[in-house]
Amino acid sequence: MNRILITLMAIGAAVSAEALTLQEARQLAVDNYPLVRDYDLIALTERYTLQNAAKAWLPQVEVGAQATWQTDVSAYPDVLKEMLSQRGMDDLKGMSPWQWKAQVDVHQVIWDGGRIKASQDVAKREAEEDRLSNEVELYRLRGHIDDIYFSLLLLSQQGEAIRSSIALLQANLDRVNSLVVNGAAMQSDADAIEAELLSTKQQLISVQSAMKAYRKILALYVGARADEELEEPTPVMLPSDNDSRMRPEQRLMSARQETLLARQSQVRKESMPQIGAFAQGYFGYPGMNFMESMMNRDSSFNAMLGVSVSWNIGSLYTRKNKLLSLQAAADRVDVSRRVFEFNTDVQATQYRTEIDRLREIFESDKAIVELRGRVRNASEAHLREGIVEPTDLLLRITDEKNALISANSHRIEYLKAIYQLQNTLNYE
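## Concerning the overall build of the protein chain
Thought 1: Looking only at helices and strands, one finds 10 helices and 4 strands in the protein chain.
Thought 2: Here the C-alpha atoms of the protein chain give a radius of gyration of 42 Å, more than 25% beyond the 22 Å that 2.2 N^0.38 yields for 428 residues.
Thought 3: Summarising its shape, the C-alpha atoms of the protein chain cover approximately 155 × 40 × 35 Å along the three principal directions.
Thought 4: Looking at the 428 residues of the protein chain, the share that counts as buried comes to 36%.
Thought 5: The long-range share in the protein chain, meaning contacts at least 24 apart out of those at least 6 apart in sequence, stands at 87%.
Thought 6: For the protein chain, the accessible surface area stands at approximately 24500 Å², while carbon and sulfur atoms represent 55% of it.

Okay, structure coming up:
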């Protein structure tokens, strides 16, 4: 009897040094999950994107070369050509139809209207959004680990209750077999107890098989430590309200809104004019001095420096619609937030109701198990005295086993509901 009560009430029972706690299982699952590596990839992507955006401030250099043949070129007017010929200048070939040049163009942004900074802000916001999206996925993983962990605890408690029942059945089977030998009981009485014993052992096999399957799944997440004993967690403090602001989904939605604001700023900056300085140099023929190139066809070096102003007026055509589209996306995020908060409130309320229900049930479980145990003890005493039938004793043992399984199940379900509420609100 004492062994049964200890099995029922040992919430804080000591476990071996190798016991796996719920928090350790959660952390191991996160550490082993392939998605964790994506954080490094997000950081690399963000760094490269920001570096590329910053390089827009560097001088933009373009190198090129071309060679052409033209059907028509600049030439001396006939009157001028005749006048020069009278002065002995007869070798006036004019511009050659064959022209070529090797060119270098350099452009330096002086003022871009904030376009580069806006693109960097968008890159930062998108990287943060990706990180928080991973946090949401890992948060869901934590809930999955909780389900596996508490399922294993529940199966373990059921196994303990079944083993206790097997021990009782075996002890009473030995007792009845002795009575059969002495002629105080019939063989059918012993057969009935043995059949119940075999049936109970089958139940244990089913529980052990289910535990083995859950252990294999847990091993995929936490590795070799899945084979360790599981430490039953203790009840934790419950949040006073259903505030879901600590959930990673809330932070993800806030990050999405910040990304949309950054994109709105980017759209506005893209419609601003740009000011830059440029330099152009080339070696070839003809040069910038056309008259010189018409008098001789020698290649020369030529250069030009200046300041440019450009304004893409076409970006103004779509600016309003782009901003309205981004605002509509932000409004949709607000709707998603309200839906999430509503659903979380409903779920948390359901868990609170379940916690209250299981707490009340669990308080009476101890008394039920004690009463079932006393009835079973009395039946065993009556059996020894030949007052009660073995089949009646079987019913008492089964009632006690079911009461113990129910009590253990209620306790584990109560703990699970507490941690589900904690997980639903991300309350530590």
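The rest of the description comes next.
## Structural notes on helix H5 (residues 115–181)
Thought 1: Here H5 contains 67 residues, and its C-alpha end-to-end distance of 99 Å stays within 8% of the 99 Å for a straight helix at 1.5 Å per residue.
Thought 2: Directly after H5, the chain includes Gly183, whose backbone phi takes a positive value near 80°.

## Considerations on the sheet that holds strand E3 (residues 274–285)
Thought 1: The strand order across the open sheet built from 4 strands is E1-E2-E3-E4, with neighbouring strands paired in antiparallel fashion. This sheet does not close on itself; its edge strands, each paired only once, are strand E1 (60–69) and strand E4 (300–310). Adjacent strand axes in the sheet meet at a mean angle of 20° when their direction is disregarded.
Thought 2: In the sheet, E3 pairs with E4 via 11 bridges, with the strands oriented antiparallel. Residue Ala279 lies in a different strand from E4, and its bridge partner there is Leu305.

## Description of a nonpolar patch on the surface
Thought 1: Together, Ile110, Trp111, Met272, Ile275, Val307 and Val309 make up a nonpolar patch on the protein surface, roughly 560 Å² of accessible area in all.
Thought 2: Of all the secondary structure elements, the ones that give two or more residues to the nonpolar patch are strand E2 (98–111) and E4.
Thought 3: Secondary-structure assignment places Val309 in strand E4.
Thought 4: Of the residues examined, Val309 reaches a relative accessible area of 62% and is grouped as exposed.

## Details of the side chain of Lys401
Thought 1: Its place among the elements puts Lys401 in helix H10 (residues 390–425).
Thought 2: The buried charged residue Lys401 lacks any salt bridge partner; its closest oppositely charged side chain belongs to Glu196, at an N-O distance of 4.6 Å.
Thought 3: Lys401 has contacts with Ala161, Ser165, Thr200 and Gln203, leaving out every residue within four places of it along the chain.

## A look at the packing of helix H2 (residues 22–32) against H5
Thought 1: At a closest axis distance of 9 Å, the pairing of H2 and H5 adopts a crossing angle of 135°. By the angle class used here, H2 and H5 are oblique. For the pair H2 and H5, the crossing hand works out as right-handed. Where H2 approaches H5, its residues Leu22, Ala25, Arg26, Ala29 and Val30 are matched on the opposing element by Leu138, Leu141, Arg142, Ile145, Asp146, Tyr149 and Phe150.
Thought 2: Looking at the contact of H2 with H5, its residues break down into 9 nonpolar, no polar and 3 charged.

## Details of the confidence of the model for the protein chain
Thought 1: Scored by pLDDT, the protein chain comes out at a mean of 85, with 93% of its residues at no less than 70.
Thought 2: For the protein chain, per-element mean pLDDT is lowest for helix H1 (residues 2–9), which scores 42, and highest for helix H7 (residues 248–270), which scores 93.
Thought 3: In this model, residues 1–17 is a region of pLDDT below 50 whose contacts with residues beyond four sequence positions or in other chains number 30 contacts.

## Details of the nonpolar core
Thought 1: Counting 44 residues, the largest nonpolar core has Phe150, Leu218, Tyr221, Val222 and Leu230 as its most contacted members.
Thought 2: Secondary structure elements with two or more residues in this core: H2, H5, helix H6 (187–222) and H10.
Thought 3: Element by element, the count of residues in this core is highest for H5, at 17 residues.
Thought 4: Listed in part, the 9 residues of the second largest apolar core include Tyr351, Ile355, Leu358 and Leu421.

## Some words on H2
Thought 1: Among the residues making up H2, those that are buried are Leu22, Ala25, Arg26 and Ala29. The arc that holds every buried residue of H2, seen down its axis, measures 100°, which confines them to one face.

## A closer look at the environment of Leu50
Thought 1: Its place among the elements puts Leu50 in helix H3 (residues 37–54).
Thought 2: The spatial distance from the C-alpha of Leu50 to the C-alpha of Gly287 is 41 Å, given a sequence separation of 237 residues.
Thought 3: Excluding its chain neighbours within four sequence positions, the residues that come into contact with Leu50 are Gln120, Ala123 and Lys124.

The rules behind each value
- Residues numbered from 1 in each chain as written.
- Predicted model: local features only at pLDDT ≥ 70, side-chain atom pairs only at ≥ 80, totals over all residues.
- Heavy atoms only, no water.
- Helix = DSSP H or I, 4+ residues; strand = E, 2+ residues; numbered from the N terminus.
- Rg over C-alpha atoms; globule rule 2.2 N^0.38 Å.
- Buried < 20%, exposed > 50% of the residue type's maximum accessible area, 1.4 Å probe, protein only.
- Contact = heavy atoms within 4.5 Å.
- Areas by Shrake-Rupley, 256 points an atom, 1.4 Å probe, with all protein chains shown as cover.
- Expected span 1.5 Å × (residues − 1).
- Pairing = 2+ DSSP bridges.
- Axes fitted to C-alpha atoms, helices over the stretch in contact; angles between N-to-C directions.
- Patch = residues over 30% accessible without salt bridge, like charges linked within 9 Å, V, L, I, M, F, W, Y side chains within 5 Å.
- Salt bridge = Lys/Arg side-chain N within 4 Å of Asp/Glu carboxyl O.
- Lys, Arg positive; Asp, Glu negative; His and termini not counted.
- Parallel < 35°, antiparallel > 145°, perpendicular 65-115°, else oblique.
- Left-handed = near helix turned anticlockwise from the far one by under 90°.
- Nonpolar A, V, L, I, M, F, W, Y, C, P; charged D, E, K, R; others polar.
- pLDDT = per-residue confidence, 0-100.
- Core = buried A, V, L, I, M, F, W, Y, C linked by side-chain atoms within 4.5 Å.
- Arc of directions from axis to C-beta.

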